Amino acid sequence: MSSGRTEVQVRPGVEGDLDALTALYNHYVRETAITFDTAVFTAEERRPWLLSHPEDGPYRLMVATDADSQGILGYATSSPYRPKPAYATSVETSVYVAPDAGRRGIGTLLYDALFKALADEDVHRAYAGVARPNEASERLHARFGFRHVGTYREVGRKFGRYWDVAWYEKDL
């Protein structure tokens, strides 16, 4: 896809992406309430997370890169919704876009690739939690057919205040 500035490629994440993915995630840990993690991670601490998203199966990691520099522009994941066996056909999805790559359709490209990758998997529903306010994420999820199913009020505390999380559901 051409974004006007650069070509963007989307591919499965690999171990060589670990440092860049950790740095991207740590931006959101430090600067936003988009994630409720409150302490930054080392790459080694994030390695089990990366390895829990193989190139096949229901738990995927898709990475958007700048075609020229190969720099990471964002990533999307599908992860276990909950650990109990009956939840095995449900996934929780998320998207993180590099702070300097917003408003370029990166999230759309990532979710498109993720849901295409999941099309042949035994997955029945996708769920996404969105810390409010986050209009861009709410628009992205609506674009992909997620519907709002409820909001947990003041469920997380970060930066000295409480945050709501809206939950969305999508049929797969």
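Remember, predicted model here, so these are calculated numbers, not experimental data.

Draft legend 1. Geometry of the sheet that holds strand 1 (residues 8-12). Strand order in this open sheet of 7 strands is 1-2-3-4-5-7-6, and the pairing throughout is mixed. The open sheet has two edge strands with one neighbour each: strand 1 and strand 6 (147-158). Across the sheet, the mean angle from the axis of one strand to that of its neighbour is 25°, orientation sign disregarded. Contacting strand 2 (61-66), strand 3 (72-80), strand 4 (90-97) and strand 6, helix 1 (residues 18-31) crosses the sheet at an angle of about 85° to strand 3.

Draft legend 2. Structural context of the packing of aromatic side chains. Using the criterion set out here, one finds 13 aromatic pairs in the structure. Each ring, one from Tyr152 and one from Trp167, has its centre 6.0 Å from the other, and the planes form 55°; the classification is tilted. In this pair, Tyr152 is assigned in strand 6 and Trp167 in strand 7 (residues 161-171), connecting sequence segments 15 residues apart. Aromatic ring contacts, followed pair by pair, group Tyr25, Tyr28, Phe41, Trp49, Tyr75 and Tyr96 into a single cluster. Above the face of the Phe41 ring, Arg46 is positioned so that its terminal group lies 5.4 Å from the ring centre. The ring of Trp163 is capped by Arg161, whose NZ or CZ atom sits 3.5 Å from the centre of that ring.

Draft legend 3. Seen up close, helix 2 (residues 43-51). Along helix 2, the residues that are buried comprise Ala43, Arg46, Trp49 and Leu50. Projection of helix 2 onto a plane perpendicular to its axis shows the buried side chains occupying an angular sector of 100°, all on one side. Along helix 2, the residues that are exposed and aim more than 90 degrees away from the buried face are Glu44, Pro48 and Leu51. Those residues of helix 2 that are buried lie in contact with helix 1, strand 2 and strand 3.

Draft legend 4. Focus on the side chain of Asn134. Within the secondary structure, Asn134 is located in the loop between strand 5 (125-132) and helix 4 (135-143). Polar contacts involving the side chain of Asn134 include one to the main-chain amide nitrogen of Ser137, which spans 3.0 Å.

Draft legend 5. Expanded view of helix 4. Residues of helix 4 that are buried include every one of Ser137, Leu140 and His141, and no others. For helix 4, the angular spread of the buried residues around the axis is 95°, confining them to a single face. Relative to its buried face, helix 4 has exposed residues pointing more than 90 degrees away, namely Glu135 and Arg143. Considering only its buried residues, helix 4 is in contact with strand 4, helix 3 (106-118) and strand 5. Count one or two residues on from helix 4 and you reach Gly145, which has phi positive near 85°.

Definitions and cut-offs
Residues numbered from 1 in each chain as written. Predicted model: local features only at pLDDT ≥ 70, side-chain atom pairs only at ≥ 80, totals over all residues. Heavy atoms only, no water. Pairing = 2+ DSSP bridges. Helix = DSSP H or I, 4+ residues; strand = E, 2+ residues; numbered from the N terminus. Axes fitted to C-alpha atoms, helices over the stretch in contact; angles between N-to-C directions. Contact = heavy atoms within 4.5 Å. Phe/Tyr/Trp six-rings, centres within 6.5 Å; stacked < 30°, edge-to-face > 60°. Lys NZ or Arg CZ within 6 Å of the ring centre and 35° of its normal. Buried < 20%, exposed > 50% of the residue type's maximum accessible area, 1.4 Å probe, protein only. Arc of directions from axis to C-beta. Polar contact = N/O pair within 3.5 Å; in protein donor to acceptor, adjacent residues only side chain to side chain.

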